[in-house]
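Here is how the chains run, residue by residue.
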Amino acid sequence: MGDQVSCVLKNVTLPDGRVTDLTLGGGRVLHAGAPGRAEEVIDAAGLVCVPAAVDMHTHLRGGGQRQKEDWRSGTTSALFGGVTVVVDQPNTVPPLTTPGAFAARVREAEKEAVCAFGINGGVVPGADLAGLWRAGALAFGEIFAGPSSYGAAVPPETLREAFISLRALGALATVHAEDPLPGTPADLPDHDRLRPALTEAEAVRAVCALLPPGGRVHFCHMSTAAAVDAACGTVEATPHHLFLSWERFDRDDTRARVNPPLRTERERKALWSRWERIDAVASDHAPHTAAEKGAPFPDAPSGMPGVETMLPLLMAEVFAGRITLESVIEKTSSSPARILGIPKAGFEPGDRADFAFYPRKTVQIDPDALHTKCRWTPFEGMAAVFPEIVVMGGRCAVRDGDLLSCRGEWIRGKGYYPRGAQ
């Protein structure tokens, strides 16, 4: 086997129901079948093994927003939800629009993160796109084609020029497409009215019209069936748009305020009808403190935590027979890795050895049991299945409610050019 064996997973129940042993080493799967000798042996009998998730849309805060979340708390939350790779968005404080700011963000993450991470570069007028690409940006965006918390809308001409530059670099653009109407929302239905489904779809079409031939675009957090239908690139949906509608909350419940907004129950069900067209499910994990969310609705920030509950909510749907396990693996693991151009987790030799093991036991989501620093969730009380064991890089990272010794690895973009290289 070349690589030194680090771990053997025994009695692994694969998604197709077969049971096998997996031998891991060098962060990869070495062999499926008869096990080799290893320093660590994990018996996964009775658990369902799923390639761990890549959450390609998170806001890990940190820096000057550490009261909301930091790299340690956010990535711990990810691991306990079965996510071993997170991709951080660049609308940080300060924003990641220069190589220097980007490098500082990487250094912060390397000190604190306990799961693997990529970081995207920011796109605003004057941003150094080529410099960010060389600094290791995994992708670019979310680019705000409509305004949101901590992100002003990028003018169309700037967006067109950025698309041309990113095409030349071979980089992926990820876009937040909205076109809000004027006004400040007074409550949840008003928020939906001011950021309507119709203008979301129109914003998607406008972005597609700006994309040059050969350019790559990924649409973040699609909230409506019409927006999904309008997309010219890959499509992402979030658990909150799939599982929540504003009609399930009190009208002034700021916990449910998010951009794009929660829609009606009818629109939520219509989004599920596009399940086959959706390429990726990502959390858009955007924690705010309870105090910040406790402001009057017009003043409360948009965004909600979700990295720890994303997979558990979907696994509950799998065990209830409403969606297939294969589709969840595709949309949370295989497809995000493919879109980002990183190695996929899986069961074949050479695949990344990242797995989550789920019991066939559904529980209710309890905010006090979650690991995000903000300690609240809009999914409180909903059915979920949390992993009992998480393996990352061929070693056990979470087991029986304990976080084991692990360290996050920076996943560099394809343009990375280390300083001092000749």
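Rules used in this analysis
- Residues numbered from 1 in each chain as written.
- Predicted model: local features only at pLDDT ≥ 70, side-chain atom pairs only at ≥ 80, totals over all residues.
- Heavy atoms only, no water.
- Phe/Tyr/Trp six-rings, centres within 6.5 Å; stacked < 30°, edge-to-face > 60°.
- Helix = DSSP H or I, 4+ residues; strand = E, 2+ residues; numbered from the N terminus.
- Buried < 20%, exposed > 50% of the residue type's maximum accessible area, 1.4 Å probe, protein only.
- Lys NZ or Arg CZ within 6 Å of the ring centre and 35° of its normal.
- Contact = heavy atoms within 4.5 Å.
- Polar contact = N/O pair within 3.5 Å; in protein donor to acceptor, adjacent residues only side chain to side chain.
- Pairing = 2+ DSSP bridges.
- Axes fitted to C-alpha atoms, helices over the stretch in contact; angles between N-to-C directions.
- Parallel < 35°, antiparallel > 145°, perpendicular 65-115°, else oblique.
- Left-handed = near helix turned anticlockwise from the far one by under 90°.
- Nonpolar A, V, L, I, M, F, W, Y, C, P; charged D, E, K, R; others polar.
- Disulfide = S-S within 2.5 Å.

1. As for the packing of aromatic side chains
Then, number 1: Inspection of the entire model under this criterion finds 7 aromatic pairs.
Then, number 2: For the ring pair Trp-71 and Phe-117, a centre distance of 5.3 Å and an interplane angle of 55 degrees mean the geometry is tilted. A residue pair is termed long-range when its members are at least 10 positions apart, and Trp-71 in helix H1 (residues 71-80) and Phe-117 in strand E8 (residues 116-119) qualify at 46 residues. Residues Trp-71 and Phe-117 agree in their burial class; the two are buried.
Then, number 3: Of the aromatic side chains, those joined through ring pairs into one cluster are Phe-102, Trp-410 and Tyr-416.
Then, number 4: One Lys or Arg, Lys-331, reaches over the ring of Trp-275 and ends 5.0 Å from the middle of that ring.
Then, number 5: The ring of Tyr-416 has Arg-412 sitting right over it, with the charged end atom 5.0 Å from the ring centre.

2. Re the environment of Ser-223
Then, number 1: Relative to the helices and strands, Ser-223 resides in the loop between strand E11 (217-219) and helix H7 (225-230).
Then, number 2: Classification of Ser-223 by relative accessible area gives buried; the value is 1%.
Then, number 3: Note: C-alpha distance between Ser-223 and Leu-242 (19 residues apart in sequence) is 8.0 Å.
Then, number 4: In this view, Ser-223 contacts Glu-200, His-241, Pro-260, Pro-261, Arg-263, Glu-267 and Leu-271; residues no more than four positions away in its chain are not counted.
Then, number 5: Separated by 3.0 Å, the side chains of Ser-223 and Arg-263 make a polar contact.

3. Concerning the sheet that holds strand E10 (residues 173-176)
Then, number 1: Ordered in space as E9-E10-E11-E12-E13, the 5 strands form an open sheet in which the pairing is parallel. The outermost strands of the open sheet, each flanked by one partner alone, are strand E9 (140-144) and strand E13 (280-281).
Then, number 2: Bridge count for E9 against E10 is 3 bridges, and the pairing is parallel. The residue of E10 that forms the bridge with Phe-140 is Ala-173.

4. Observations concerning unusual backbone geometry
Then, number 1: Cis geometry is adopted by the peptide bond preceding Pro-94, which originates at Val-93 and carries an omega value of 0 degrees.
Then, number 2: With respect to the secondary-structure elements, Pro-94 resides in the loop between strand E7 (83-88) and helix H2 (99-112).
Then, number 3: Of note, the amide linkage connecting Asn-259 to Pro-260 takes the cis form, showing an omega dihedral of -10 degrees.
Then, number 4: Take Pro-260: it is sitting in the loop between helix H8 (239-243) and helix H9 (265-272).
Then, number 5: Positioned with a positive phi, Asn-11 is a non-glycine residue whose angle comes to about 55 degrees.
Then, number 6: In this fold, Asn-11 is placed in strand E1 (residues 7-13).
Then, number 7: In the Ramachandran plot, Arg-375 falls in the positive-phi region, its phi being about 60 degrees despite a non-glycine side chain.
Then, number 8: By secondary structure assignment, the location of Arg-375 is in the loop between strand E15 (363-364) and strand E16 (383-384).
Then, number 9: Looking at Arg-375, the relative accessible area reads 44%, which means it is partly exposed.

5. What about the packing of helix H11 (residues 310-319) against helix H12 (residues 325-340)?
Then, number 1: Relative to each other, H11 and H12 sit at 160 degrees, their axes nearing to 9 Å. In terms of axis orientation, H11 runs roughly antiparallel to H12. Two packed elements cross with a definite hand, and for H11 against H12 that hand is right-handed. Along its contact with H11, which presents Leu-311, Leu-314, Met-315 and Val-318, the element H12 presents Leu-325, Val-328 and Thr-332.
Then, number 2: Looking at the contact of H11 with H12 residue by residue, the classes come out as 6 nonpolar, 1 polar and no charged.

6. Here's the deal with the sheet that holds E7
Then, number 1: Strand order in the open sheet formed by 3 strands is E6-E7-E8, with parallel pairing between adjacent strands. Looking at which strands have only one partner, the edges of the open sheet turn out to be strand E6 (53-58) and E8. Across the sheet, the mean angle separating the axes of adjacent strands is 20 degrees when strand polarity is ignored.
Then, number 2: When E6 meets E7, the two strands line up parallel, connected through 4 bridges.

7. With respect to the state of the cysteines
Then, number 1: According to the stated counting rule, one finds 1 disulfide in the structure shown.
Then, number 2: Note on cysteine connectivity: Cys-208 is disulfide-linked to Cys-232, with sulfurs 2.2 Å apart. The sign of the -100 degrees torsion about the S-S bond sets the Cys-208-Cys-232 disulfide as left-handed. With Cys-208 in helix H6 (residues 197-210) and Cys-232 in the loop between H7 and strand E12 (234-237), the pair connects residues that are 24 residues apart, well separated along the chain.
Then, number 3: For Cys-208, a relative accessible area of 19% corresponds to the buried category.
Then, number 4: Look at Cys-232 and you get partly exposed, because its relative accessible area is 41%.
Then, number 5: Cys-232 supplies the cysteine sulfur nearest to Cys-220, a cysteine that is in no disulfide, at a spacing of 13 Å.

Any link to function would need more than the numbers given here.
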